[in-house]
Amino acid sequence: MPAHQSHTLQLARDTLDIEAAALLQLKARLDERFVQAVDMMLDVQGRVVVTGMGKSGHIGRKIAATLASTGTPAMFVHPGEASHGDLGMIKTVDVVLGISNSGESDELVAILPVLKRQGVPLIAMTGGLKSSLARHANVVLDTSVDKEACPLNLAPTASTTAQLAMGDALAVALLDARGFKPEDFARSHPGGSLGRKLLTHVSDVMRQGAEVPRVGPEVSFTDLMREMSSKGLGASSVVDTDGHVLGVFTDGDLRRLIEKGADLRELKARDVMHPRPRTIRAEALAVEAAELMELHRITSILVVDEAGLLCGAINSNDLMRAKVI
């Protein structure tokens, strides 16, 4: 291995070692102050307002986003902009989470007296335990590190890793305390894979009305095939005069009939249908339809209402288009 490659890999390993050590130290320092911070954020009537400058600000934006997506109302306010009007966004019903490794960022320190006069509770996340930020805070979370991973010990690296990890720890503790469930997460992530799986119902993607292939039990086999071909579902329902599902006939059933050498011309829908087919309710989750298809190795399911009346149909292609599978 060339010397420069060896040196590069060693720097990377050193970086990870330093940051891993910082996190282990952070874990060892956790105490009742963390619980106090969680309680303050849990009881907030307004929002958790996260603020910080520079790299701490970038971490703060991520923490605010994580809190908001896991059930804790939160937003990020830039401390520099706060001094020029955005401080009005912060109300007495809010809690402020101030992030600064030194605890002496000028822009952040400038708004601390105002927050104190307004009676806004302050949680400090800082490595400067005697800093201005720490002195103004109701609760101080110690995110100090022995050294940065940067070889010059200058660029925020281990310190921002500690801040990010502390933010994640707060978010996880809060979501657990709130009884946050996958369904709650899905509601704040409707465009993601989990959101689609937990929020998309059969009624959202099923075929309805004239798109649903259906025939009566006395229909000829030829007319049954015409109905299947025209609707493109790969199957057709067989229903009585009231619309109750009697059975289903699929492409697979057709293939098996041909293999047996059956005289198809003399058959009617009632002769070839599969009775008591798999059905699902419109209000069920679309992912449940996908699970049924996989379990029973079928590609389409009829949708019925509470009275057993046919109201739709859904197949695997419909689920793929909806990105449920």
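For clarity, every value in this text was computed on a predicted model and none was experimentally measured.

Caption draft 1: Region of interest: the overall build of the protein. Regarding its fold elements, the protein presents 15 helices and 12 strands. In summary, the protein has a C-alpha radius of gyration of 31 Å against a globular reference of 20 Å for 325 residues, an excess of more than 25%. Long-range pairs, those at least 24 residues apart, make up 63% of the contacts in the protein between residues at least 6 apart in sequence. Across the protein, the mean location of the 35 positive side-chain charges is 2 Å away from that of the 40 negative side-chain charges.

Caption draft 2: A look at the side chain of aspartate 94. Along the polypeptide, aspartate 94 turns up in the loop between helix H4 (79–82) and strand S3 (95–100). In this structure, aspartate 94 is buried with no salt-bridge partner, the nearest side chain bearing the opposite charge being arginine 47 at 5.2 Å. Among the polar contacts listed, one links the side chain of aspartate 94 to the backbone nitrogen of arginine 47, at a separation of 2.7 Å.

Caption draft 3: Layout of the pattern of salt bridges. Under the defined criterion, the tally for this structure stands at 11 salt bridges. Between lysine 62 and aspartate 168 there is a salt bridge, and its shortest N-O distance comes to 2.8 Å. With lysine 62 in helix H3 (residues 54–69) and aspartate 168 in helix H7 (residues 158–177), the pair connects residues that are 106 residues apart, well separated along the chain. With a relative accessible area of 36%, lysine 62 lands in the partly exposed category. Take aspartate 168: its relative accessible area is 29%, and that puts it in the partly exposed class.

Caption draft 4: Quick peek at unusual backbone geometry. At arginine 276, a residue that is not glycine, the phi angle is positive and equals roughly 50 degrees. With respect to the secondary-structure elements, arginine 276 resides in the loop between strand S9 (274–275) and strand S10 (279–281). Phi at arginine 297 is positive, roughly 55 degrees, even though this residue is not glycine. Of note, arginine 297 is situated in the loop between helix H14 (286–296) and strand S11 (300–304).

Caption draft 5: Here's a closer look at the sheet that holds strand S1 (residues 48–52). In spatial order, the strands read S2-S1-S3-S4-S5; together these five strands make up an open sheet with parallel pairing. Across the chains shown, the open sheet's two edge strands, defined by having one partner strand only, are strand S2 (74–76) and strand S5 (139–142). On average, each strand axis in the sheet is tilted by 20 degrees relative to the strand beside it, whichever way the strands run. Alignment of strand S4 (residues 122–126) against S5, held across four bridges, turns out to be parallel. If you follow isoleucine 123 over to S5, its bridge partner there is valine 139. Against the sheet, H3 contacts S1, S2, S3 and S4, and its axis sits at roughly 160 degrees relative to S2. Along the sheet, H7 contacts S3, S4 and S5; its crossing angle with S4, the most-contacted strand, is approximately 140 degrees.

Caption draft 6: Geometry of the packing of H3 against H7. Across the interface, H3 lies against H7 with an axial gap of 10 Å and an inter-helix angle of 15 degrees. Taken together, the axes of H3 and H7 are roughly parallel relative to one another. Crossing of H3 against H7: the hand is right-handed. Contact residues: H3 offers Lys55, Ser56, Ile59, Lys62, Ile63, Thr66 and Leu67, while H7 offers Thr160, Gln163, Leu164, Gly167, Asp168, Ala171 and Leu174. Partitioning the contact of H3 with H7 into residue classes produces six nonpolar, five polar and three charged.

Caption draft 7: Expanded view of the side chain of threonine 126. Note that threonine 126 resides in strand S4. A distance of 3.3 Å separates a polar side-chain atom of threonine 126 from the backbone oxygen of asparagine 101.

Conventions used here
- Residues numbered from 1 in each chain as written.
- Predicted model: local features only at pLDDT ≥ 70, side-chain atom pairs only at ≥ 80, totals over all residues.
- Heavy atoms only, no water.
- Helix = DSSP H or I, 4+ residues; strand = E, 2+ residues; numbered from the N terminus.
- Rg over C-alpha atoms; globule rule 2.2 N^0.38 Å.
- Contact = heavy atoms within 4.5 Å.
- Lys, Arg positive; Asp, Glu negative; His and termini not counted.
- Charge placed at Lys NZ, Arg CZ, Asp CG, Glu CD.
- Buried < 20%, exposed > 50% of the residue type's maximum accessible area, 1.4 Å probe, protein only.
- Salt bridge = Lys/Arg side-chain N within 4 Å of Asp/Glu carboxyl O.
- Polar contact = N/O pair within 3.5 Å; in protein donor to acceptor, adjacent residues only side chain to side chain.
- Pairing = 2+ DSSP bridges.
- Axes fitted to C-alpha atoms, helices over the stretch in contact; angles between N-to-C directions.
- Parallel < 35°, antiparallel > 145°, perpendicular 65-115°, else oblique.
- Left-handed = near helix turned anticlockwise from the far one by under 90°.
- Nonpolar A, V, L, I, M, F, W, Y, C, P; charged D, E, K, R; others polar.

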